[in-house]
2 protein chains.
Amino acid sequence: MTVASVRRRNVWGWGYEDQQPDAKEMRDAAAGMRSYVGFDPCEPELPVALEDVELPAPRIASPQSLEGICSGETHDRASHAYGKAYRDVIRAFRGRFENPPDMVAYPRTEQDVVELLEWCAQVGAAAIPYGGGTSVTGGVEPAVGDSYSGTVSIDLRELDQVLEVDETSRAARIQAGANGPAISQQLAQHGLGLRHFPGSFELSTLGGWIATRSGGHFATVYTHIDDLVESTRAVTPTGVIETRRLPGSGAGPSPDRMLIGSEGILGVITEAWMRLHERPRFKSSASVRFADLASATAAVRELSQSGLYPTNCRLLDPVLAGLYGAGPSAEGSPSPDGDQVHLLMLAFESAHHPVDDWMELGLGCCRAHGGEGEAQNEARERRADDDGTSGSVEAWRGAFLREAYVRDVLIAAGVIPETFETAVTWDRFDEFHQSVIETTTDAVRRVCGGGRVGWRFTHVYPDGPAPYYTILAPAKRGSEVQQWDEIKAAASEAIIAAGGTITHHHSVGRDHRPWYDKQRPDRFAAALGAAKRELDPDALLNPGVLIDP
Amino acid sequence: MTVASVRRRNVWGWGYEDQQPDAKEMRDAAAGMRSYVGFDPCEPELPVALEDVELPAPRIASPQSLEGICSGETHDRASHAYGKAYRDVIRAFRGRFENPPDMVAYPRTEQDVVELLEWCAQVGAAAIPYGGGTSVTGGVEPAVGDSYSGTVSIDLRELDQVLEVDETSRAARIQAGANGPAISQQLAQHGLGLRHFPGSFELSTLGGWIATRSGGHFATVYTHIDDLVESTRAVTPTGVIETRRLPGSGAGPSPDRMLIGSEGILGVITEAWMRLHERPRFKSSASVRFADLASATAAVRELSQSGLYPTNCRLLDPVLAGLYGAGPSAEGSPSPDGDQVHLLMLAFESAHHPVDDWMELGLGCCRAHGGEGEAQNEARERRADDDGTSGSVEAWRGAFLREAYVRDVLIAAGVIPETFETAVTWDRFDEFHQSVIETTTDAVRRVCGGGRVGWRFTHVYPDGPAPYYTILAPAKRGSEVQQWDEIKAAASEAIIAAGGTITHHHSVGRDHRPWYDKQRPDRFAAALGAAKRELDPDALLNPGVLIDP
């Protein structure tokens, strides 16, 4: 019996089972992708059907008291076996489920979570908190080693309600299992929104965002989920942690910041009070073209340090400018190959006042560095049903969110379409970027015999950018995971050697461990381990993520 | 032998020994203070001279290897016995030194800090990290209980250099013992500054700011020291922690955020990379008068949620409007007693662009809520020697920084001039504020038989303000500490009961422990305790602060 009350998710790719493309749809989609990937994709294959997959029998059975919320069904187990990294999707596509959970639980109340953890402690099972399952770092794969009797994936999807809205303080208490659209829809009636649009927005959840330090869609100022959290509530194996709702505090190290980024190793986040924004009424956007990298980054650096706080300030390299250029405006049309034109997507928005002056100053910045572009300004009435996804600025956002579906087709058509991301201070950026892009391009060519590497800035801070790299390369059937792992290792080594972070917003999970271990201070890891042993003495929670159990 | 190379600090009050007012200066200063305090101060007394104080003999002696940086002299010990809370200043004024450190150490290198902690471990002494000694929460008082062989105050003043400046990323590596003026002066030659001006700016240090989550002078956006830290370096008894310099990261819980607010219990912060600002060129300021509290707070709430990010947005109640009103503009002149006029100090600044438009929008906000005021705009050339303290906007800042000196005279003249601060969400503010101000006013009258309570907002966030309360009340000679403790307890109970934080930027220290213990989640305290035991297994560091040793 499947106990979850919602649409069945696609077991291998993005989205839901009822969206799964058939063979003809895949073929049609793939046919148009030559210009996107820069080489000829293969004829798309079809995924191994779930009926043809045999999972090992569950090693543990749920107690009677939890039967109503637990499932050992193949679909539940297979669809919770992986996140959505390329190495996850391709394995599921090939019907290769290496560490499926023995049981999937869908708690309906926080008390269910408490009882699930108690059961895990009793039987010696590992517990893997699961939000939208969109981890691209192995964060939800139950690869926990041999010392557990089994694994339970705890899927929070039933806890998806906005419980309270405080319009005065612009904040809401939201359950951790609510995904992007669920949060947007429930807040829209109050004229409010979280304005947090990660690429995984459609499926990923509040709890997942907090646990992984998700980066929002906005380019500057309050965008990282870290800054949007007003208070958190989490169930640990030794009790509940609930922090006080406060706009700011100086009372000791922040308890919220201990949970933010804890990736499920300290507790299961069940709800949080989040800081909201009014839906924007005024917008201004522009695509600005720069003749080369140096002038583009100089302009972005000035913008990042200007105090103008643009809501979008994404610089696309010539590869991505070609791929996305058609999005927001005709001006941003694809550049011919070899062109050095970099495209800056610049936008301002406000619920309070027109932002045309901001844009004028921002464009002034760009022009001083040789950028060319014009603003499109927009003012609109507040509408109660506005979910913040309409309007011309949103065109690129739409393309961005659809990327996950496009990726599935590419994977079926023998393409490795993967990304990795980082952040680095401005003073190191030039050397850093050259090293990362050269190392990665070399690795892609060596491993795949062809392919391309594009990049963009997803976020910019006054002291440095967050570069985001995209790889499109031909896969060798049966060797895809090894191929990707080899490219990933080369890129990750380059990032750490050149002074970046192994992740700006994708999280550490299991896949980033070797480089995270070089990045974080040893004594901090020791302190975190001690905190974990205190909260989770049986090491039940997400073993192998961030630190060794 | 005194080993410190700098000016001798005043043992009881603010500043330096050479600034100590004599009897006539005190009398003259006190004479003008009736209108300030609202009742007649007494004839100022003189402090007990240090020659008349006998401290208990030091219980420990420094080893030969550390003799050059350690002192057991009375002046060193007495001036490190307390912070600068009223209960500290009055005890020192009366010659009552309850827990002087046995030894004061002035490390000249990080290696000295390592060796000092090794020595403390060997002899079983507690180590109290000491920056500017301006704690108002008992954070540097060596009140550590009976289980230590002695106490060593580790004063970082010799580590006061800006070591590296990265003008591209606008960041600098600064030693933890550098105080506000030292940092400003060293950064001014690069046209940069930290733009962090706590009230203790003159004496307090970078390490102290980080350890206590200091609140900057700015009212909105990047002002808390938390947001200005790019990386930190600290010596723990079990090794050094150094975090990677990054503009942003999502790699696990932030190691910086574990050290930020740790109040010396996890390690001695020795240096940090800090995010800087260019010196402002454009400024606009206004004093806006509101007829009552409700309209004033409505305007401030709108400003806080507008995305305009004013650099000053301080609302003064009628009491403080009277005291400070003469500062920035003639318009802000003292209100007659009983008047309900609230005064908003509003300012914008930028190094990048004129801010007149920002001010116009800000004043528009104020006027929509009945506020009256005009802007004063200012643009100036960049000057290499500009230390950011000139200009009309700085007048109030000057008054603000002088407060600490005024306070000493008031204390000598039998006044309790103390402050406490908090933060709370907007939805609770009205009820919260009424409860806190009534409870505190009742306590002041009951305990002191008279006096007044004023308040202001020091910082405002989109989801709530940080109210700051000032008490001026007549002291009873010999009972001052008990008087203050009784008022403080009443105010603190009210804050915690009504949903605020026990501290927004003054820290927890020893004095706030009873209320902090009610505020922080138990399981968080357990996790923090476990982290501390891992880093500081002998519980050497600042015992009694934040958690029990």
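Residues numbered from 1 in each chain as written. Chains lettered and ligands numbered in written order. Predicted model: local features only at pLDDT ≥ 70, side-chain atom pairs only at ≥ 80, totals over all residues. Heavy atoms only, no water.

Draft legend 1. Representation of the relation of the copies chain A and chain B within the structure. By a simple turn and slide, chain A fits onto chain B: the slide is 0.0 Å along the axis, the RMSD is 0.0 Å, and the turn is 180°. When the rotation and shift are considered jointly, the pair of chain copies conforms to a two-fold rotation axis. (Least-squares fit on C-alpha atoms with pLDDT ≥ 70 in both.)

Draft legend 2. Structural view of the interface of chain A and chain B. Residue-level contacts link 84 residues of chain A with 84 residues of chain B. Taken over both partners, the interface formed by chain A and chain B buries close to 6900 Å², and the fraction arising from carbon and sulfur atoms is 58%. Of all residues in chain A, A:Arg244, A:Pro253 and A:Arg523 give up the largest surface area on contact with chain B, accounting jointly for 11% of the area buried on that side. Seen at the junction of chain A and chain B, the total is eight salt bridges. Note that A:Asp463 and B:Arg275 form a salt bridge whose closest N and O atoms lie 2.7 Å from each other. The interface formed by chain A and chain B holds 36 residue pairs in polar contact (both at pLDDT 80 or more) in total. (Contact = heavy atoms within 4.5 Å. Buried area = accessible area lost by both parts, 1.4 Å probe. Salt bridge = Lys/Arg side-chain N within 4 Å of Asp/Glu carboxyl O. Polar contact = N/O pair within 3.5 Å; in protein donor to acceptor, adjacent residues only side chain to side chain.)

Draft legend 3. Seen up close, the sheet that holds strand 3 (residues 125-130) of chain A. Residues and elements named next belong to chain A. Here we have four strands laid out as an open sheet, ordered 1-2-4-3, and mixed in their pairing. Lying at the two open borders of the sheet, with one neighbouring strand each, are strand 1 (70-71) and strand 3. Relative to strand 4 (residues 150-155), strand 3 is paired through six bridges, and the arrangement is parallel. Bridge assignment links Ala125 to a residue of strand 4, and that residue is Gly150. (Pairing = 2+ DSSP bridges. Helix = DSSP H or I, 4+ residues; strand = E, 2+ residues; numbered from the N terminus.)

Draft legend 4. Summary view of helix 10 (residues 293-304) of chain A. All names here are of chain A. With twelve residues, helix 10 should reach 16 Å at 1.5 Å per residue; the first-to-last C-alpha distance of 16 Å fits that figure. Considered for burial, the residues of helix 10 that qualify are Ser295, Ala296, Thr297, Ala299, Val300, Leu303 and Ser304. Next to the buried residues of helix 10 lie strand 12 (282-290), strand 13 (312-316), strand 14 (342-350), helix 12 (356-368), helix 14 (426-448) and strand 17 (452-461). Measuring from the side-chain oxygen of the N-cap residue of helix 10 to the backbone nitrogen of Ala294 gives 3.3 Å; that N-cap residue is Asp292. (Expected span 1.5 Å × (residues − 1). Buried < 20%, exposed > 50% of the residue type's maximum accessible area, 1.4 Å probe, protein only.)

Draft legend 5. Geometry of the pattern of salt bridges. Considering all chains together, one arrives at 73 salt bridges over all chains under this definition. Two residues, A:Arg94 and A:Glu45, come together in a salt bridge whose shortest N-O distance is 3.0 Å. Of this pair, A:Arg94 sits in the loop between helix 4 (86-93) and strand 2 (103-105) while A:Glu45 sits in the loop between helix 2 (34-37) and strand 1, placing them 49 residues apart in sequence. By relative accessible area, A:Glu45 is classed as partly exposed at 23%. For B:Asp88, the salt bridge goes to B:Arg91, with nearest N and O atoms at 3.0 Å. One end of the pair, B:Asp88, and the other, B:Arg91, are both in helix 4 (residues 86-93), three residues apart, so they sit about a helical turn from each other.

Draft legend 6. Region of interest: the packing of aromatic side chains. Inspection of the entire model under this criterion finds 20 aromatic pairs over all chains. Taking the centre distance of 5.2 Å and the plane angle of 85° together, the rings of A:Tyr309 and B:Tyr309 count as edge-to-face. Taken together, the residues A:Tyr309 in the loop between helix 10 and strand 13 and B:Tyr309 in the loop between helix 10 (293-305) and strand 13 (312-316) connect one chain to another. Taken together, a centroid distance of 4.8 Å and an interplanar angle of 70° make the contact between B:Trp12 and B:Phe93 edge-to-face. (Phe/Tyr/Trp six-rings, centres within 6.5 Å; stacked < 30°, edge-to-face > 60°.)

Draft legend 7. Looking closely at the nonpolar core. A:Met274, A:Leu344, B:Met274 and B:Leu344 are the most contacted members of the largest nonpolar core, which totals 241 residues. A:Ile69, A:Met103, A:Cys120 and A:Leu159 belong to the second largest nonpolar core, which has 22 residues in total. (Core = buried A, V, L, I, M, F, W, Y, C linked by side-chain atoms within 4.5 Å.)

Draft legend 8. Structural context of the environment of A:Ala491. All names here are of chain A. Checked against the element boundaries, Ala491 lands in helix 15 (residues 480-497). Expressed as a C-alpha distance, the spacing of Ala491 and Ile502, which sit eleven residues apart in the sequence, is 9.7 Å. Not counting residues within four places of it along the chain, the set of residues in contact with Ala491 comprises Phe420 and Thr440.

Draft legend 9. The packing of helix 14 of chain A against helix 15 of chain A, seen in detail. Residues and elements named next belong to chain A. Put simply, helix 14 and helix 15 touch, their axes get as near as 9 Å, and they point 165° apart. The angle between helix 14 and helix 15 places the two elements in the roughly antiparallel class. By crossing handedness, the relation of helix 14 to helix 15 is classed as right-handed. Listed contacts from helix 15 to Phe432, Ser435, Val436, Thr439, Thr440, Ala443, Val444, Arg446, Val447 and Cys448 of helix 14 are Gln483, Glu486, Ile487, Ala490, Ala491, Ala494 and Ile495. (Axes fitted to C-alpha atoms, helices over the stretch in contact; angles between N-to-C directions. Parallel < 35°, antiparallel > 145°, perpendicular 65-115°, else oblique. Left-handed = near helix turned anticlockwise from the far one by under 90°.)

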